[in-house]
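Report on the structure
One-letter residues, chain by chain:
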Amino acid sequence: MTIATTTNKHDSAGHEEHPDLRIWGLLTFLASESLMFGGFFATYLFFRGMTDVWPPEGTEVELLLPTINTIILVSSSFVIHFGDTAIKKNDVKGMQFWYAITAIMGAIFLIGQAYEYSTLGYGLTTNVFANCFYVMTGFHGLHVFVGLLLILGVLWRSRRPGTYSATNHTFIEMAEIYWHFVDIIWIVLFTLVYILTLF
């Protein structure tokens, strides 16, 4: 993965070119999102430390479906990277294939999360744990949905020949970086909310 930039120079028409800072802008945005998730995680750990029984009785989480979802989402990070590697070899079809697979995996994750919500038996306002659980997983799910839209946007634009190539793939890289961010946040969230509830 590279951060594409151009130096200040003049094109053939005499117009000055400026550095491409789109990826840096995305990284800055993701840094701010990390702080927001960090606040959620800190709040969750605070309430966990202040409560004798965590999660409270009647609000246990299941582990099987979220584990399957985690495997799917983490695996999709490798899949989307194959797409980025393909476009850097001018293989547009390969990129489309791997990005389509990633989109399917992302959709499966969201469907699995929706199914999990429907079977838990408690809601957002049941208690503090339920509130933290739905806010954190729901906010992350929203980020997965946005990432899915970015991937679909890449696929839609790639229908037009010449849109992406080995030298023009910034938007593809941005979608990949965002997707990796979503995966990393989920690994932390899964560990805190699901794994640590076993101990």
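That block above? That's the structure.
This text gives an overview of the structure that appears in the document. (Residues numbered from 1 in each chain as written. Predicted model: local features only at pLDDT ≥ 70, side-chain atom pairs only at ≥ 80, totals over all residues. Heavy atoms only, no water.)

1. Thoughts on the side chain of Glu-33
- Along the chain, Glu-33 turns up in helix H1 (residues 22-50).
- We note that Glu-33 is buried and unpaired, the nearest opposite charge coming from Arg-22 at a distance of 20 Å.
- If we ignore the near neighbours within four places in the chain, the residues touching Glu-33 are Phe-139, His-143 and Phe-181. (Helix = DSSP H or I, 4+ residues; strand = E, 2+ residues; numbered from the N terminus. Buried < 20%, exposed > 50% of the residue type's maximum accessible area, 1.4 Å probe, protein only. Lys, Arg positive; Asp, Glu negative; His and termini not counted. Salt bridge = Lys/Arg side-chain N within 4 Å of Asp/Glu carboxyl O. Contact = heavy atoms within 4.5 Å.)

2. Digging into the pattern of salt bridges
- Here the structure, examined in full by the defined rule, presents two salt bridges.
- A salt bridge links Asp-84 to Lys-88; the nearest nitrogen and oxygen atoms lie 2.9 Å apart.
- On the accessibility criterion, Lys-88 (28% relative accessible area) is partly exposed.
- One continuous salt-bridge network, built from bridges that share partners, spans Asp-84, Lys-88 and Glu-173.

3. Digging into unusual backbone geometry
- With an omega dihedral of -5°, the bond running from Trp-54 to Pro-55 counts as a cis peptide bond.
- Looking at the element boundaries, Pro-55 is found in the loop between H1 and helix H2 (64-87).

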